[in-house]
Amino acid sequence: MLVVTTIAGVRARRQELWRQGKTVAFVPTMGALHEGHLSLVRRGRELADEVWASVFVNPTQFGPGEDFERYPRHLDQDVALLTKEGAALVFAPSVKEMYPRPPEVQVTLPRLAPHLCGAHRPGHFSGVALVVAKLFNIVQPEVALFGAKDFQQAVIIRRLVEDLNVPVRIEVVPTVREADGLAMSSRNSYLAESERQQAVALWQALAAAKAAVASGERRGSELEKLMLATLRRYPGVRPQYVAAVDPETLAPVERVAGGVLLAIAAYVGNTRLIDNLLVEVPQ
Ligand code: PAF
């Protein structure tokens, strides 16, 4: 597998593949790879001739006081995992390579970003949209893969691609979970053993709300109350938000019809975790 650190290097390799008539599936990541990322790579291999990943902890999507400095960085381990999964190239640029000077262009999505995580992480999705737009321009993949755990991110990227006519297909891959239901996340590595046990609360809350929908509950507010009550059974967990929203607009739903996205963000100790579940409602 090629490890490329410059934009020019990626472009040169891309030219070569075009000459050979080969396609690229792209998996953008911030590294500290886990089974969730690897499932994206595996799916990518089914969709294109080569899978390319990026490993870049993007400073523009972290707010003041967030974990940019301490975000886990294990490039050697990531390279080994990507090699094992059959990825053909990893783009691992420096901050200077991606942002030689402070970016002047901003990418804002004023209707989608303020919901859910965006309400608590101002500027986060502008940073994500900016870096993903840059990465798409650098790599120019035929298809790009994102995890459903970051559902709001996936909605925003789909819209970015649509509005800016970026010629890439977006594929969203289901969340990979631990045996007890905890969604895989690079931030799980921050959890102490006792916190790890409490972290299952998010999945338990989502499962309780899903069961309520199956039993006929249609009121968004009741589903939110149920998720909150479930989280409160875990003393080590501090909910940030619970929400029952429209999966397309991300706006809160009063009455569930069709599909509903159940979403949670909560602190376990000092670690902020998110999870969600898309529930289809029988008509
Ligand atoms: O989901 C992530 O890891 C990041 O938000 C992404 C898409 C790689 C952009 O930095």
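Above this text you will find the structure in question.
Residues numbered from 1 in each chain as written. Predicted model: local features only at pLDDT ≥ 70, side-chain atom pairs only at ≥ 80, totals over all residues. Heavy atoms only, no water.

**Brief notes about the overall build of the protein chain**
When helices and strands are tallied, the protein chain shows ten helices and nine strands. In terms of overall dimensions, the protein chain has C-alpha extents of about 55 × 40 × 35 Å along its principal axes. Among the 283 residues that make up the protein chain, the fraction classed as buried is 52%. Here the analysis covers contacts within the protein chain between residues at least 6 apart in sequence; of these, 73% occur between residues at least 24 apart. Of the side-chain charges in the protein chain, 32 are positive and 30 negative, and the distance between the mean point of each set is 1 Å. (Helix = DSSP H or I, 4+ residues; strand = E, 2+ residues; numbered from the N terminus. Buried < 20%, exposed > 50% of the residue type's maximum accessible area, 1.4 Å probe, protein only. Contact = heavy atoms within 4.5 Å. Lys, Arg positive; Asp, Glu negative; His and termini not counted. Charge placed at Lys NZ, Arg CZ, Asp CG, Glu CD.)

**Some points on the side chain of Arg187**
You can see Arg187 is positioned in the loop between strand S6 (169-173) and helix H8 (193-198). Judged by relative accessible area, which is 17%, Arg187 ranks as buried.

**Quick notes on the site of the ligand**
Around the ligand, the structure places Pro28, Thr29, Met30, Asn58, Gln61, Val131, Val132, Phe146, Asp150 and Gln153. For the ligand, an oxygen atom lies 2.6 Å from a polar atom in the side chain of Gln61. Relative to its free-state accessible area of 290 Å², the ligand is covered by the protein chains to the extent of 89%. At the level of secondary structure, the elements contributing two or more residues to the shell around the ligand comprise strand S2 (24-29) and helix H6 (124-139). Tallied by class, the residues present in the shell around the ligand amount to five nonpolar, four polar and one charged. (Near = heavy atom within 4 Å. Polar contact = N/O pair within 3.5 Å; in protein donor to acceptor, adjacent residues only side chain to side chain. Areas by Shrake-Rupley, 256 points an atom, 1.4 Å probe, with all protein chains shown as cover. Nonpolar A, V, L, I, M, F, W, Y, C, P; charged D, E, K, R; others polar.)

**Some remarks on the packing of helix H9 (residues 201-214) against helix H10 (residues 220-232)**
Viewed as axis vectors pointing N to C, H9 and H10 meet at an angle of 145°, and their least axial separation amounts to 8 Å. The hand of the H9/H10 crossing is right-handed. In contact with Ala201, Leu202, Gln204, Ala205, Leu206, Ala208, Ala209, Ala212 and Val213 of H9, H10 contributes Leu223, Leu226, Met227, Thr230 and Leu231. Looking at side-chain class alone, the contact of H9 with H10 contains twelve nonpolar, two polar and no charged residues. (Axes fitted to C-alpha atoms, helices over the stretch in contact; angles between N-to-C directions. Left-handed = near helix turned anticlockwise from the far one by under 90°.)

**Side note on the sheet that holds strand S9 (residues 271-280)**
Hydrogen bonding along the main chain pairs the strands of a sheet, whether they run parallel or antiparallel. An order of S7-S8-S9 is seen for the three strands of this open sheet, with the pairing classed as antiparallel. Pairing within the sheet leaves two strands with one partner each, and these edge strands are strand S7 (237-245) and S9. Between one strand axis and the next, the sheet turns by 15° as a mean value, whatever way the strands run. Direction of pairing for strand S8 (residues 259-268) relative to S9: antiparallel, over a ladder of ten bridges. From the neighbouring strand, Ala266 faces S9, where its bridge partner is Leu273. Lying over the sheet, H10 contacts S7 and S8, oriented at roughly 160° with respect to S7. (Pairing = 2+ DSSP bridges.)

**Looking at the packing of H6 against helix H7 (residues 151-163)**
If you want to describe how two helices pack, look at the angle between their axes and the distance between the axes. One can describe the packing of H6 onto H7 by two numbers: an axis separation of 10 Å at closest approach and a directional angle of 50°. In this view, H6 runs oblique relative to H7, as classed from their interaxial angle. Here H6 runs over H7; the crossing is right-handed. On H7, the residues that touch Phe125, Val128, Ala129, Val132, Ala133 and Phe136 of H6 are Gln152, Gln153, Ile156, Ile157, Leu160 and Val161. (Parallel < 35°, antiparallel > 145°, perpendicular 65-115°, else oblique.)

**Looking at the packing of aromatic side chains**
Counted according to the given criterion, the structure contains five aromatic pairs. Consider the rings of Phe56 and Tyr99, whose centres lie 6.3 Å apart with planes at 40°: the pair is tilted. One end of the pair, Phe56, is in the loop between strand S3 (50-55) and helix H3 (75-84); the other, Tyr99, is in the loop between helix H4 (95-98) and helix H5 (116-120), with 43 residues separating them in the sequence. Each member of the pair, Phe56 together with Tyr99, is buried. (Phe/Tyr/Trp six-rings, centres within 6.5 Å; stacked < 30°, edge-to-face > 60°.)

**Describing the pairing of S9**
The buried fraction of S9 is high, at eight of ten residues. Linking two consecutive strands that pair antiparallel, namely S8 and S9, is a turn of two residues; a positive phi of about 60° is found at Gly269 within it.

**Observations regarding H7**
Taking 1.5 Å per residue, 13 residues should reach 18 Å; H7 reaches 18 Å between its end C-alpha atoms and fits that length. All buried positions along H7 are accounted for by Phe151, Gln152, Gln153, Ala154, Val155, Ile156, Ile157, Leu160 and Val161. Residues of H7 that are buried sit in contact with H5, H6, strand S5 (143-147), S6, S8 and S9. A positive phi of about 50° marks Asn165, the residue just after H7. (Expected span 1.5 Å × (residues − 1).)

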